[in-house]
Amino acid sequence: LYFSAHWCPPCRTFTPLLKKFYEELKKENAPFEISLLTKGNTQNKENRVPNWRHTSEFRLQSSLLQFLSDKFGVCGIPTLVVVKPNGDLVTDSGEEDVATRSSSVQLL
């Protein structure tokens, strides 16, 4: 779950790193998908993650976004929360793992 916003300078810096990391995982056939969670209107071209169509984008109501933020301890953006398909938390600081290029095995 990638908590981000188009207007956020740190998100604009992190997103290309995440994109590259994602593409590397996909080459390894890793079972890893990214869902972008934002308050912004993702139908609006300016609010979409630039040059990246490999994510599911969800525009959430404030209450649902707040629920997920609280559930996973999200205090700011960008934040990458990695969860298993059953919802179990793997890490709530995935952006640090991506930025330091931790192996996909550690994240998965």
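Description of the structure in this document. All of these numbers come straight from a predicted model, not from anything done at the bench. (Residues numbered from 1 in each chain as written. Predicted model: local features only at pLDDT ≥ 70, side-chain atom pairs only at ≥ 80, totals over all residues. Heavy atoms only, no water.)

Structural notes on helix H1 (residues 9–27)
Turning to step 1, where the next piece is worked out: Helix length check: H1 (19 residues) gives 28 Å between terminal C-alpha atoms against 27 Å at 1.5 Å per residue, within 8%.
Turning to step 2, where the next piece is worked out: The set of residues buried in H1 consists of Cys11, Phe14, Thr15, Leu18, Phe21, Tyr22 and Leu25.
Turning to step 3, where the next piece is worked out: Downstream of H1 by a residue or two, Asn29 has a phi angle that is positive, lying close to 60°. (Helix = DSSP H or I, 4+ residues; strand = E, 2+ residues; numbered from the N terminus. Expected span 1.5 Å × (residues − 1). Buried < 20%, exposed > 50% of the residue type's maximum accessible area, 1.4 Å probe, protein only.)

Thoughts on the pairing of strand E2 (residues 35–38)
Turning to step 1, where the next piece is worked out: Here E2 shows no split at all, with Ser35 and Leu37 on one side and Leu36 and Thr38 on the other all buried.
Turning to step 2, where the next piece is worked out: Two elements, strand E1 (residues 2–3) and E2, share two bridges in a ladder whose sense is parallel. Paired with Tyr2 across the strands is Leu36, a residue of E2.
Turning to step 3, where the next piece is worked out: Regarding topology, H1 serves as the crossover connection from E1 to the parallel E2, and that connection is right-handed. (Pairing = 2+ DSSP bridges. Right-handed = clockwise from strand over helix to strand, strands pointing away.)

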